[in-house]
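# Chains, contacts and geometry: an overview
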Amino acid sequence: MKYINKITAYIIAGCIVLFASSCDDDEFGTEEIPFAPYVLSLGITSGGTTAYYLVTAEDLMSGNINAVGKGIEQSGFHDYEQGNQTIFCVGGLGVTNTTGVVRGGDGYLLEKGEFTFNQSLSAFTQIDNNSMMGIEIPGNAEEGSNITFYNVDINSVAITSRKTAPIAPLSQFEWPSITGLCMSGNKIYMTYFHMNPKTYETKYTDTTYVAVYSYPEMTLDKVMKDTRTGPAGSWYAHNGIFKVESGDMYIMSNSAIANGYSQSTKKAGFLRIPAGTTGFDDYFFDFETKSGGLKPAHVKYIGDGLVFAEVSTINPQTANDRWGDKSLACYIIDLNNQSFKKIPEIPVHDGDGGRRFSVLVDGGYVYFPVKVKDEGVYIYRIDPKTATAERGAKVSTNFVGGFFKLN
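Parameters at a glance
- Residues numbered from 1 in each chain as written.
- Predicted model: local features only at pLDDT ≥ 70, side-chain atom pairs only at ≥ 80, totals over all residues.
- Heavy atoms only, no water.
- Phe/Tyr/Trp six-rings, centres within 6.5 Å; stacked < 30°, edge-to-face > 60°.
- Helix = DSSP H or I, 4+ residues; strand = E, 2+ residues; numbered from the N terminus.
- Buried < 20%, exposed > 50% of the residue type's maximum accessible area, 1.4 Å probe, protein only.
- Lys NZ or Arg CZ within 6 Å of the ring centre and 35° of its normal.
- Contact = heavy atoms within 4.5 Å.
- Pairing = 2+ DSSP bridges.
- Axes fitted to C-alpha atoms, helices over the stretch in contact; angles between N-to-C directions.

Tallied over the full model, the rule gives 24 aromatic pairs. Relative to Tyr301, the ring of Phe242 has its centre 5.7 Å away and its plane inclined at 15°; by these criteria the two rings are stacked. In this pair, Phe242 is assigned in strand β17 (residues 241-243) and Tyr301 in strand β21 (residues 295-303), connecting sequence segments 59 residues apart. The interplanar angle of 70° and the centroid separation of 5.2 Å between the aromatic rings of Phe357 and Phe368 together place this pair among those described as edge-to-face. Taken together, the residues Phe357 in the loop between β24 (339-342) and β25 (360-362) and Phe368 in strand β26 (residues 365-372) connect sequence positions 11 residues apart. The two residues Phe357 and Phe368 agree in class, both being buried. Among the aromatic side chains, those forming a connected cluster through ring pairs are Phe88, Phe115, Phe117, Phe124 and Tyr150. Across the ring face of Tyr365, the terminal group of Arg381 is positioned such that the distance to the ring centre comes to 5.0 Å. A cation sits over an aromatic face here: Arg391 above Tyr378, 3.9 Å from the ring centre.

This part is about the environment of Asn130. By the element assignment, Asn130 lies in the loop between β9 (123-126) and β10 (131-136). A residue is classified by how much of its surface remains accessible, and Asn130, at 46% relative accessible area, is partly exposed. Between the alpha carbons of Asn130 and Glu375 there is a distance of 41 Å; along the sequence they are 245 residues apart. In contact with Asn130, not counting residues within four places along its chain, are Val152, Asp153 and Ile154.

Here the focus is the pairing of strand β15 (residues 208-214). Within β15, 7 of the 7 residues are buried, which leaves it mostly tucked inside the rest of the structure. The alternating pattern of β15 places Thr208, Val210, Val212 and Ser214 and Tyr209, Ala211 and Tyr213 on opposite faces, both of which are buried. In terms of strand pairing, strand β14 (residues 187-195) meets β15 through 6 bridges, oriented antiparallel. In the strand pairing of β15, Thr191 is matched with Val210. As defined by bridge partners, β15 adjoins strand β16 (residues 220-226) across 6 bridges and the pair is classed as antiparallel. Residue pairing for β16: Tyr213 is matched across the bridge by Leu220. What sits between β15 and β16 in their antiparallel hairpin is a turn of 5 residues, with Met218 showing a positive phi close to 60°.

This brings us to the sheet that holds β9. Pairing is antiparallel in the open sheet, where 4 strands are placed in the order β9-β10-β11-β12. In the strand order of this sheet, the two ends are held by β9 and β12 (158-166), each with one partner. On average, each strand axis in the sheet is tilted by 20° relative to the strand beside it, whichever way the strands run. Bridge count between β9 and β10: 4 bridges; the pairing is antiparallel. Across the sheet, the residue bridging to Thr125 is Met133, located in β10.

Such coordinate-based values are descriptive only and should not be taken to indicate function.
Below, the structure written as structure tokens:
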């Protein structure tokens, strides 16, 4: 899909007219069965309006996954995050309520609890075994001067605490836009970049920024900076920071015009923050140079130092490509060896709005839904060790908004 140049119009497109082509209406499967392990959010557009349907599937490699006569319908834009055995359906783009979805005793999905934030969240993720954290930040200085941090109990699906902190230390240039969040020890690490809230320009792309907060007080300890690459993550893609098994955290920076930046002044790459520290070490994976000019658009850590990524094949990216999450190829990136392999079986494709990366890691495989031109959406099963893939079930949807497994 090609984005249009104004973010306001982009937002409208993101929640209303994404993939305006109609869904397939043939080969529909039977009703869902109890205890089917896989859960997908199907974003289905009809008559210019998109609705989301949470459905289950028993098999990802054959048949047709659809929302005919089943599923939990949700209106308005949603993002999805899993915390333990609860799927959180998080409203966005004006929708402020969040609903928990779990598996009931009869094996079917049911809604469990609902709460409302003051405004749409900028981030929402699991931070420990019991809690999710949501972050609210005003759209500009006229709307407010504080960041609000929410703790949400996973089991009760309820807000348990709210803490606020001044935005001022983060907004030394333009307004901060949050790109990622994770917890290590008693610290919360938040990646962000600077964007003008009126013109949506990104004039400051020469530095990586990470704000470090003490937890649970949520007081700002420091702002980490590094100039080897540009800002971490990209606009609303929640891809700026992730933690690996050792507790080390990695930063992904792309400064990709196709993912929202108005300029790109540093090479795309990965940095590392060792566990228990609030500073970068000497690790720098210059992905853009090693790949001959490619930029990771979306990333998912899958274990053992491996990352599954959609990589932009547009080289060079120009102003005409802004908000154009398209021409993406799939790669396995090895952080330890600083190497990468393209997955040849997955065709180059366009993105689904540049927001959440709907990927499931299960049983040593990666499952990823791809909209194949002129064919529809299919799930691909990827073996990360060999960087090969096999096409599986067809999905009757315009796009997949979330992809999970419940035990």
